[in-house]
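Coordinate analysis (summary)
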Amino acid sequence: FQDHAEQFFRSGHTNNWAVLVCTSRFWFNYRHVANTLSVYRSVKRLGIPDSHIVLMLADDMACNPRNPKPATVFSHKNMELNVYGDDVEVDYRSYEVTVENFLRVLTGRIPPSTPRSKRLLSDDRSNILIYMTGHGGNGFLKFQDSEEITNVELADAFEQMWQKRRYNELLFIIDTCQGASMYERFYSPNIMALASSQVGEDSLSHQPDLGIGVHLMDRYTFYVLEFLEEIHPASQTNMNDLFQVCPKSLCVSTPGHRTDLFQRDPQNVLITDFFGSVRKVEITTETVSLDRDLAGFESKFPEEELATEPLKYAEQLPVAQIIHQKPKQKDWHPPGGFILGLWALIIMVFFKTYGIKHMKHVF
Amino acid sequence: QVQLVVPMAVVFGPGSVPGDLPRPLPFRDVQEMEISVNLRTSVTSRYEMLYRSTTGQEEAALAAATAREAAAALHPLQDTTLGSLTMYVVPETSSLLPQGINVYVGKHRSALVRAGGSLAALQARLREVAQVMSFTASSIAAALSDRAPDGQLSPDARRYLKSSLGYEITFSLLNPDPKSHTVDWDIEGAVNLYVKPVLDKLSLVANFSVDSQILYYAVLGVTPRYDKESSSFLLSAHSLPHVINPVEARLGSSAASLYPVLNFLLYVPERSHSPLYIQDKDGAPVSTNAFHSPRWGGIMVYNVEAPASRQASLPLHVDVDMARVMEVFLAQLRLLFGLSREEVPPEFLLERPGNEGLADWELDHLLWAHTVENIATVSTTLTSLAQLLDKIGNIVIKDDVASEVYRAVASVQSAVTELSLGHLHAAFQASKEAVTSSERAFFDPSLLHLLYFPDDQKFAIYIPLFLPMAVPILLSLAKIVRETRQQKKEPTKMD
């Protein structure tokens, strides 16, 4: 038991969070949603509650009109595992998955009206798992087919998190093409990173399902899911085993990892330190002695008849005002120096070259 | 940079004055000590002691029969500002303190100390008492745990709740077997009777809000073992960490507030698993039948007595003994905040604080740690904000962000000043304000830096736009320059 106690105290964290992001939309990117949902499922199974998971899915595959098996998202063509399940809680969905929202979640600079389920309320004793998947390239990850997040921005966001001690240790996993480029620029301490492919390599998908018509999972995440299915909350498997998942023979791409920023040896890092939520527990040996008879206390409150007003809805939005509002006049700003200079140059050159006499033809 | 000043009064009762005083009473003395957390951070503690002899009233109070009565009688005569301490020295042979006890720590801010012969021995003992009642090097290091290198701190240092402006306390009753047990708990009454006095005392530290709920069919994640010898079910210590997670998903974290939540769960085991006891590491059943998890809360197992007659009709009605439950929950609350009595040396006797839950000096202990932690947090936050704004030049700083920063700086400076003057209350309030302002400034939604323009991308965007446009302009410019130069060489012929 002493060994167990030692191991529990070695990691130093008291709670676990997970931020799982799928960045691509459209039906043919089914596999990215399936990737994210399989990591979600493993993380929930190993103990992290929904209140500590921020799940961002850029598109809805389960209820997509093109899904021949609605309300399901499968990970394997034998349809053994429906990773959508009964109790998936998506926090950021569809168009809410943007680079801005992702960075807001990480850094905590969220508008005050954001509900608690959309926030990452981690503290300095939280271990955070960040999983991202989608289409990527050398140094960037594409969000929603219209914007990108670069590796420098991601590294800066992690540094902002470290400055405010929003994590104890961070595990970053990315399954995209050229995924290793995304963790090249990290410089904050206590970050361990895994990627599905090196720079210059593509991450490949696993296998298509002819019934559903798309590729169901990416190879790397498929083998990671297989690996995680063997893990249970009390298992002692460490990170070195996770590094071995999906060798080149199975994955075609070469998975990479980065541990130089991490203080502990990966040998000592349990999978459940990040994927599960094993809490440190102490037996309570003390009690407070309470005086049970206190004279000055009425045990029963007198029945109060409160005159209650009939309930009605509060004024939510001034709808009448909004409908009839005129569009706000944008303030006019004079053109800036660069534009003015450019036009002055163009006009001067034109008239010098072609002569002043042409001016009367212009005006 | 930060100086923690504790004003102390050492009052010598009749017959307890040591022979080797350097100066006649009353006189003042200062003891300074440096607590260094890492290479750059250190905190100086300064005990400003006033040695004097007792007044007539204090002498009369010290003549009481027991230490408890003496402490009660002395209470109205002493300085009760937050952070100050008063030590009454009694003669070595005094019977006021029981045999073997050298220090009696009252539940307010005073202690009765047995004289030790020489001044040096007395001062050593006084130093020990002062550290127990205000702060120790380890408690300050724990408060500054962000800055300490990892190897130095004991794992204990990381388990206390961080200083926060408020806490939510949720009491939950888990009834996995409603068919067999109808459990009634008067939680409202218990909260008003037992919990409110403690929270009222802690209201200085933070805002507390309390709620409660009852969950049915919520089972523990672990199946307990049946033990034939005691004919009861046992939960071993190493299976306890896995108990919490399945329950946590059902607890429902509060949607309304962003304060840390402390969950206290009362579990009434199913009839088929009754009675259920928790085993500690050595295999002995735990007397409180409860365990807690740092920064999360606590769980207590409440066993229902088997009914007298076998044919009792189900469901059995259970009236929970809230006093027994609250004794454990309040103890867990104290432990979660870091107020444990384990580190106190054996020759000390601590007065029980009764229904208030914690002694005044324990409150001070918490305030010292939180003030230091707040000041450290504010300085880290403001420094990192300044670094961020330096690095990314084109973030626009709104006026209210700027005013929050100024307010945070002013508050933290006043907190440090108040600490160096020994005003703990004012220092704590100033540090709380500083933390609020600095957090508001740092986490302002407008400070998002989506403004990374790498150089190669800048070229890639602007060159295709401006290069074709610039070609005729540059060529014409060159032509103009050539013409002007030619004109200068040959003066224009005027006809």
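Calculation notes
- Residues numbered from 1 in each chain as written.
- Chains lettered and ligands numbered in written order.
- Predicted model: local features only at pLDDT ≥ 70, side-chain atom pairs only at ≥ 80, totals over all residues.
- Heavy atoms only, no water.
- Contact = heavy atoms within 4.5 Å.
- Buried area = accessible area lost by both parts, 1.4 Å probe.
- Salt bridge = Lys/Arg side-chain N within 4 Å of Asp/Glu carboxyl O.
- Polar contact = N/O pair within 3.5 Å; in protein donor to acceptor, adjacent residues only side chain to side chain.
- Helix = DSSP H or I, 4+ residues; strand = E, 2+ residues; numbered from the N terminus.
- Nonpolar A, V, L, I, M, F, W, Y, C, P; charged D, E, K, R; others polar.
- Pairing = 2+ DSSP bridges.
- Phe/Tyr/Trp six-rings, centres within 6.5 Å; stacked < 30°, edge-to-face > 60°.
- Buried < 20%, exposed > 50% of the residue type's maximum accessible area, 1.4 Å probe, protein only.
- Domains from an automatic or database assignment.
- Core = buried A, V, L, I, M, F, W, Y, C linked by side-chain atoms within 4.5 Å.
- UniProt positions renumbered as here; feature names shortened; annotations may be inferred.
- Patch = residues over 30% accessible without salt bridge, like charges linked within 9 Å, V, L, I, M, F, W, Y side chains within 5 Å.
- Areas by Shrake-Rupley, 256 points an atom, 1.4 Å probe, with all protein chains shown as cover.
- Axes fitted to C-alpha atoms, helices over the stretch in contact; angles between N-to-C directions.
- Left-handed = near helix turned anticlockwise from the far one by under 90°.
- Disulfide = S-S within 2.5 Å.

**Looking at the interface of chain A and chain B**
Each partner contributes residues to the interface: chain A has 66 residues there, and chain B has 82 residues. Between chain A and chain B the total buried area reaches about 6,700 Å² when both faces are included, carbon and sulfur atoms providing 60% of it. Here chain A and chain B share five salt bridges between them. The residue Glu248 of chain B makes a salt bridge to Arg279 of chain A at a minimum N-O spacing of 2.5 Å. For the pair chain A and chain B, the interface holds 15 residue pairs in polar contact (both at pLDDT 80 or more). When residues of the side of chain A that touches chain B are traced back to their parent elements, those giving at least two are helix 1 (2-11), helix 3 (99-107), helix 4 (151-163), strand 11 (282-283) and helix 9 (337-354) of chain A. Residue contributions to the side of chain A that touches chain B peak at eight residues, all from helix 9 of chain A. Residue composition of the side of chain A that touches chain B, by class: 28 nonpolar, 18 polar and 20 charged. By the bridge criterion, two bridges tie strand 11 of chain A to strand 14 (residues 290-293) of chain B in an arrangement that is antiparallel. Bridging across to strand 14 of chain B, Ile283 of chain A finds its partner in Phe291 of chain B.

**Let's talk about the packing of aromatic side chains**
For the coordinates displayed, the defined rule picks out 23 aromatic pairs over all chains. Aromatic pair Phe158 of chain A and Phe172 of chain A: ring centres 5.8 Å apart, planes at 75 degrees, arrangement edge-to-face. Placement of Phe158 of chain A in helix 4 and of Phe172 of chain A in strand 8 (residues 169-175) is noted, with a sequence separation of 14 residues between them. Side by side, Phe158 of chain A and Phe172 of chain A carry an identical accessibility label, which is buried. When the ring of Tyr47 of chain B is compared with that of Phe135 of chain B, the centres are 6.1 Å apart and the planes differ by 20 degrees; the resulting orientation is stacked. Residue Tyr47 of chain B is found in strand 3 (residues 42-53), and its partner Phe135 of chain B is found in the loop between helix 3 (119-133) and helix 4 (137-143); the two are separated by 88 residues along the sequence.

**So, the environment of Leu50 of chain B**
Residues and elements named next belong to chain B. Looking at the secondary structure, you find Leu50 in strand 3. Residues Leu50 and Ser313, 263 residues apart in the sequence, show an inter-C-alpha distance of 70 Å. In this view, Leu50 contacts Met8, Ala9, Val10, Phe27 and Arg28; residues no more than four positions away in its chain are not counted.

**Notes on the pattern of salt bridges**
If you walk through the whole model with that rule in mind, you get 29 salt bridges over all chains. Among the salt bridges present, the one from Arg104 of chain A reaches Glu100 of chain A, with a minimum N-O distance of 3.0 Å. Taken together, the residues span about one helical turn, with Arg104 of chain A and Glu100 of chain A both in helix 3 at a distance of four residues. Given a relative accessible area of 33%, Glu100 of chain A falls into the partly exposed group. Two residues, Asp260 of chain A and Arg258 of chain A, come together in a salt bridge whose shortest N-O distance is 2.8 Å. The exposure class of Arg258 of chain A is buried, given its relative accessible area of 15%. If you follow the salt bridges from partner to partner, you end up with Asp123, Asp124 and Arg125 of chain A together with Lys162, Arg295 and Glu373 of chain B in one network.

**Details of the domain arrangement of chain B**
Structurally, chain B comprises domain 1 (2-144 + 344-350), domain 2 (166-337), domain 3 (360-447) and domain 4 (454-488). Computed over C-alpha atoms, the centres of domain 1 of chain B and domain 4 of chain B are 83 Å apart.

**Overview of the nonpolar core**
One finds Phe171 and Met326 of chain B to be the most contacted residues of the largest nonpolar core, which totals 101 residues. If you tally residues by element for this core, the top one is helix 7 (residues 322-337) of chain B, at 11 residues. The residues contacting Met326 of chain B, other than those within four sequence positions of it, are Leu290 of chain A together with Phe171, Ile187, Ala190, Tyr194 and Val195 of chain B. Core analysis: the second largest hydrophobic core is formed by 52 residues, Leu55, Val90, Leu228 and Ile271 of chain A among them.

**Here we look at the sheet that holds strand 7 (residues 147-150) of chain A**
Residues and elements named next belong to chain A. Ordered by their spatial adjacency, three strands build an open sheet running 5-6-7, and the pairing between neighbours is antiparallel. Both outer strands of the open sheet, strand 5 (136-137) and strand 7, are each paired with one neighbouring strand and no more. Sheet analysis places strand 6 (residues 140-143) next to strand 7, joined by four bridges and oriented antiparallel. Across the sheet, Phe140 pairs through a bridge with Thr150, a residue of strand 7.

**Examining the UniProt feature "transmembrane region" (unreviewed entry) in chain A**
UniProt annotation of "transmembrane region" (unreviewed entry) refers to residues 332-351 of chain A when read in the numbering used here. Secondary structure over residues 332-351 of chain A splits into 75% helix and 0% strand, and the C-alpha atoms at its two ends are 29 Å apart.

**Description of a nonpolar patch on the surface**
On the surface, Phe459, Ile463, Leu467, Val471 and Leu475 of chain B cluster together into a nonpolar patch covering about 510 Å² of accessible area. Relative to the elements of secondary structure, Val471 of chain B occurs in helix 11 (residues 455-489).

**Focus: the sheet that holds strand 11 (residues 232-235) of chain B**
All names here are of chain B. Sheet architecture is open: three strands sit in the order 10-11-13, paired in mixed fashion. Edge positions in the sheet fall to strand 10 (225-227) and strand 13 (276-278), since each of these pairs with one other strand and no more. Shown here is a sheet whose adjacent strand axes are inclined to one another by a mean of 40 degrees, direction ignored.

**Regarding the UniProt feature "transmembrane region" (unreviewed entry) in chain B**
In the numbering used here, UniProt assigns the "transmembrane region" (unreviewed entry) feature to residues 459-481 of chain B. The distance separating the terminal C-alpha atoms of residues 459-481 of chain B is 28 Å; by composition the span is 100% helix and 0% strand.

**Observations concerning the packing of helix 8 (residues 360-391) of chain B against helix 10 (residues 424-442) of chain B**
Between helix 8 of chain B and helix 10 of chain B, the least distance of the axes is 9 Å, while the angle of their chain directions is 30 degrees. Like other packed secondary-structure pairs, helix 8 of chain B and helix 10 of chain B cross with a definite hand, here left-handed.

**Focus: the state of the cysteines**
Cysteine pairs can be covalently joined through their sulfur atoms, and such a bond is termed a disulfide. Residue and element names in this part refer to chain A. With the rule as written, the count across this model stands at one disulfide over all chains. Note that Cys246 is cross-linked by a disulfide to Cys251, the S-S spacing being 1.5 Å. Its S-S torsion of approximately 85 degrees makes the covalent link between Cys246 and Cys251 right-handed. Judged on exposure class, the residue Cys246 and its partner Cys251 are both buried. The thiol of Cys22 is unpaired, and the distance to the nearest cysteine sulfur, on Cys177, comes to 14 Å. A relative accessible area of 18% places Cys177 in the buried class.

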